[in-house]
Amino acid sequence: MQLELASEIDFDGWRQQARWLAARSIPAHDVHWRINGAASLLDEVPTVAIEKSSSSETRVPRAFVELARTVVLHRSADRFAALYRVLLRLRNEPRLLELDVDPDVMRLRIFERQVKHDEHRMHAYVRFRKVDGERGAHFVAWYAPEHHIVEATAGFFVRRFAGQRWAILTPERSVVWDGNGVTFGDGVPRAAAPTDDVLEDLWRTYYASIFNPARVNVRVTQGHMPKKFWSQLPEAQLIEPLAAAANTRAGQMVAAEAAAPRRSHAPRPSAPIAVPTADSGAGNEQRDLLNHCRNCPLWEHATQAVPGEGPLAARLMLVGEQPGDQEDIAGRPFVGPAGQLLDRALKEAGIDRSEVYVTNAVKHFKYELRGKRRLHKKPAELEIAACHAWYESEVDAVRPDLIVALGATAVRAVLGRALPILANRGTVIEPTTESGVKGRVLVTVHPSYLLRVLPETRDAEYAKFVDDLKIATRYIRDRTAP
Ligand code: URA
């Protein structure tokens, strides 16, 4: 018997058919599931259409339904059959799921674990790229999950970035959030993983318009598609299905999830601090290690960890507080408004940012959700302490001549204690050996302080900040002078 499912993740279709089959005691080895029009070994065998209204006496434990929902997302072609086998057995063995050593159950558990793992990876590794367009900024990412998890993970990204417009393109599916609703469509094939430039072009000329449900016009959009992209995608059936597949049911599901209450941010007792072993720097190795850091709870709500970046041979190291909203999305420190101000001040102080190592005391973004906005929250002492080993590993790797601590959190991380900033700014602190402080330190204000001060004092405060950075420049220059 061949049965047809509407999509790779058609759980409802599978459930309805599986109940119908089970009610007729059709053995698992007589059933083959095929996904909506996909080529099948049994192409000559007609698919069976079950009566939609057929009732079913098959009752299964709730835990099985939950398990099946996850297992359906697995890439294995055998998943629907494996689920049906267990469903049939559950009729006579109601406690079957408790038998973790049963081969059928074990197989489903493995599928479940792999899907969940893939979801966690996607949460942690999607990297957004900011694209400025006519309708403002969007964030676009390309990512290749192993299993069919785009719909299942969309809620996570909606909750995290409710206030931004973004798209995640994957080889199979794409998901777009326009600030109000979510739309799913076809993907960008793995063979043509777009480079950053192509990603930008794609967004500007294609996805941004096609995903506006009010304005879907396939032919027009196809005309807008950059030629260079089509030449790389000879087999890509990108256009038609995208518009056709706008999946409102999934959209409602995600919207409902987005409204669900969130867990609180209250810090829990910190796990023991794991001392990082990798070399520091903005390398992927450091990023991967950081993304696995569970020393404090901040990882849970952040998109990703944001490692320091800059040359390991840098003579100057700047330490900020923690990544902000934009840094959390981009995975890079100081790229948002405070970063832009910092860049300007560095330039005025004669410092080339590309020669500086820039990092933060805390590597995950801590925030509070206010509607759709993620409002910065100051890291707690526990969180600064939990991240300290990462900071130290960076100092050990870079061994800068001077560390500039930007603001109170950085001062605490760098000096291991609080120090009034305004009274101590602009002088280089030579730490004693007993203090355990690594390197010479200059303290100054955080650039976001300059964004908050009263407008009438802003210029003067900014000038003082540039003066502090100039002191750093001179200090480094004097140490180099013959
Ligand atoms: N503020 C910081 O302290 N660090 C960043 O990376 C961005 C804003």
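Residues numbered from 1 in each chain as written. Predicted model: local features only at pLDDT ≥ 70, side-chain atom pairs only at ≥ 80, totals over all residues. Heavy atoms only, no water.

**Remarks on the nonpolar core**
Consideration 1: Judged by nonpolar contacts, the single largest core of 51 residues is most densely connected at L316 and L318.
Consideration 2: Those elements that provide at least two residues to this core are β9 (316–320), α13 (337–348), β10 (356–360), α14 (381–398), β13 (402–406), α15 (407–415), β15 (441–444) and α18 (455–480).
Consideration 3: The element contributing the most residues to this core is α18, with seven residues.
Consideration 4: Discounting chain neighbours no more than four positions away, the residues touching L316 are I351, V356, Y357, P400, L402, V404, A472 and I476.
Consideration 5: Grouped together as the second largest cluster of nonpolar side chains are 33 residues, A22, I26, I50 and L90 included. (Core = buried A, V, L, I, M, F, W, Y, C linked by side-chain atoms within 4.5 Å. Buried < 20%, exposed > 50% of the residue type's maximum accessible area, 1.4 Å probe, protein only. Helix = DSSP H or I, 4+ residues; strand = E, 2+ residues; numbered from the N terminus. Contact = heavy atoms within 4.5 Å.)

**Some points on the site of the ligand**
Consideration 1: The environment of the ligand is formed by G320, E321, Q322, P323, G324, E327, P333, F334, N360 and H446.
Consideration 2: Within the backbone of Q322, a nitrogen or oxygen atom sits 2.9 Å from a nitrogen atom of the ligand.
Consideration 3: The contact in question runs from an oxygen atom of the ligand to an N or O atom on the backbone of F334, over 2.8 Å.
Consideration 4: Look at the ligand: alone it shows 230 Å² of surface, and the protein chains cover 92% of it.
Consideration 5: Taken atom by atom, the bulk of the ligand overlaps the second largest pocket.
Consideration 6: Partitioning the shell around the ligand into residue classes produces three nonpolar, five polar and two charged. (Near = heavy atom within 4 Å. Polar contact = N/O pair within 3.5 Å; in protein donor to acceptor, adjacent residues only side chain to side chain. Areas by Shrake-Rupley, 256 points an atom, 1.4 Å probe, with all protein chains shown as cover. 1 Å grid on protein atoms, 1.4 Å probe; cavity = no way out; pocket = protein on both sides within 12 Å on 5 of 7 lines; lining within 4 Å. Sits in = over half its atoms within 2 Å of the grid points. Nonpolar A, V, L, I, M, F, W, Y, C, P; charged D, E, K, R; others polar.)

**Considering the layout of surface pockets**
Vacant regions in the atomic arrangement are exposed by a probe of water-molecule size rolled over the atoms.
Consideration 1: Considered as a void within the structure, the second largest pocket measures approximately 800 Å³ in volume.
Consideration 2: In terms of lining, the second largest pocket is formed by 32 residues, of which the most central are G324, A338, H376, H446 and S448.
Consideration 3: Looking at the lining of the second largest pocket, the elements with two or more residues in it are α12 (325–330), α13, β12 (373–376), α15 and α17 (447–452).
Consideration 4: Its residues placed into classes, the lining of the second largest pocket shows 14 nonpolar, 11 polar and seven charged. (Points joined across faces, edges and corners; volume = space filled by probe spheres on them.)

**A word on unusual backbone geometry**
Consideration 1: Residues other than glycine seldom take positive phi values, yet S25 does so here, at roughly 50°.
Consideration 2: Inspection of the secondary structure puts S25 in the loop between α1 (11–23) and β2 (32–35).
Consideration 3: Residue S25 is classed as partly exposed on the basis of its relative accessible area, which comes to 47%.

**Regarding the pairing of β2**
Across a regular strand the side chains alternate sides, sitting on one face of the sheet and then on the other.
Consideration 1: Two elements, strand β1 (residues 2–5) and β2, share four bridges in a ladder whose sense is parallel. Across the sheet, the residue bridging to L5 is I35, located in β2.
Consideration 2: Tracing the backbone out of β1, into α1 and back to the parallel element β2 gives a crossover that is right-handed. (Pairing = 2+ DSSP bridges. Right-handed = clockwise from strand over helix to strand, strands pointing away.)

**Let's talk about the packing of α13 against α18**
Consideration 1: Contact pair α13 / α18: the axes reach a minimum separation of 9 Å and the direction vectors enclose 55°. Relative to α18, the element α13 lies oblique. Relative to α18, α13 is oriented so that their crossing is right-handed. Contact residues: α13 offers L341, L342, R344, A345, L346 and E348, while α18 offers Y462, F465, V466, L469 and K470.
Consideration 2: Taken together, the residues that form the contact of α13 with α18 break down as eight nonpolar, no polar and three charged. (Axes fitted to C-alpha atoms, helices over the stretch in contact; angles between N-to-C directions. Parallel < 35°, antiparallel > 145°, perpendicular 65-115°, else oblique. Left-handed = near helix turned anticlockwise from the far one by under 90°.)

**So, the sheet that holds strand β6 (residues 166–169)**
Consideration 1: Read across the sheet, five strands follow the order β4-β5-β6-β7-β8 without closing on themselves; strand pairing throughout is mixed. On the outer flanks of this sheet lie β4 (129–133) and β8 (182–186), each paired with one strand and no other. Each adjacent strand pair in this sheet contributes to an overall mean axis angle of 20°, direction not counted.
Consideration 2: Helix α5 (residues 150–160) contacts β6, β7 (173–177) and β8 of the sheet and is inclined by roughly 25° relative to β7.

**Regarding the pattern of salt bridges**
Consideration 1: With the rule as written, the count across this model stands at 34 salt bridges.
Consideration 2: Note that D343 and R353 form a salt bridge whose closest N and O atoms lie 2.9 Å from each other. Here D343 is found in helix α13, whereas its partner R353 is found in the loop between α13 and β10, with 10 residues between them in sequence.
Consideration 3: Residue class for R353 comes out buried when judged on its relative accessible area of 17%.
Consideration 4: Here D468 ties to R425 by a salt bridge, and the two come within 2.8 Å at their closest N and O atoms. With D468 in helix α18 and R425 in the loop between α16 (421–424) and β14 (428–429), the pair connects residues that are 43 residues apart, well separated along the chain. In this pair, the class of D468 matches that of R425, namely buried.
Consideration 5: Among the charged side chains, a network of salt bridges with common partners joins R85, R89, E93, D102 and D104. (Salt bridge = Lys/Arg side-chain N within 4 Å of Asp/Glu carboxyl O.)

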